[in-house]
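Structure at a glance
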Amino acid sequence: MSGINKPWNGRILFDGINRDDFSPDYLKYYIAFVDQDIVFFNCGDLYENLTMFDRSIEFQNVEKAAKDALIYDTIIAQKGGFHCSFAENNSGFSGGEKQRISIARAILKDSPIIILDEATANVDPENEADLVRAIDELTRSKTILMIAHRLKTVRKADNIVVIENGKIAEQGKHEELIDKGGIYSRFVDSRNQAVGWKI
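Now for a description of the structure that goes with this document. The shown structure was predicted, so the numbers you read here are calculated from the model rather than taken from an experiment. (Residues numbered from 1 in each chain as written. Predicted model: local features only at pLDDT ≥ 70, side-chain atom pairs only at ≥ 80, totals over all residues. Heavy atoms only, no water.)

Moving on: the sheet that holds strand β3 (residues 31-34). One open sheet holds the 3 strands; their spatial order is β3-β4-β5, and the pairing between them is parallel. At either margin of the open sheet sits one strand with a lone partner, and together these are β3 and β5 (143-147). For this sheet, the mean angle separating the axes of adjacent strands, direction not counted, is 15°. Here 4 bridges tie β3 to strand β4 (residues 113-117), and the two strands are oriented parallel to one another. Residue pairing across strands places Val34 opposite Leu116, the latter belonging to β4. (Pairing = 2+ DSSP bridges. Helix = DSSP H or I, 4+ residues; strand = E, 2+ residues; numbered from the N terminus. Axes fitted to C-alpha atoms, helices over the stretch in contact; angles between N-to-C directions.)

This is how it looks when you write it as structure tokens:
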């Protein structure tokens, strides 16, 4: 399949089916991606950015996704609300607000697999905990691949994979990795010590 890098070793399976057996279009449906560098379209309004121009999505679902991503109040405060010109208002949204718009878009896509690449990186601390809880509730029956440096974001994961020099150094649940006393445990200790630093 062209356009997608293949693994150097092993296979990537989706529900036991080899990735190479899926068409590129089906893979687009199968995976939703929330990046730390968010891409929006200046050619449509905010509603079209949320739905990715899919006219089959009902407005009530768009509203619910916005509420779940904690961006609803910000949207309706805009002139035109969901139909505000995104080209004009793009610069008016903060980094965290754009991130929440992107998360609402992924919620609407409703893919079985969601990749979150530092999805809470630009979210202010006041909203981060609520947003993480919302993502947890909304993705309970999905597979989440989360790339993150923040401990709050990953500590509840079913499996944490620690990468060092491009290779898997260790993996397991938060408590298991703490007990091992390896890279992850040292990272947690250094972060805890940093919290207590004073200038």
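A few words now on unusual backbone geometry. With phi around 65°, Phe53 is a residue other than glycine that occupies positive phi space. Structurally, Phe53 can be placed in the loop between α2 (46-51) and α3 (59-68). A relative accessible area of 37% means that Phe53 is categorised as partly exposed. (Buried < 20%, exposed > 50% of the residue type's maximum accessible area, 1.4 Å probe, protein only.)

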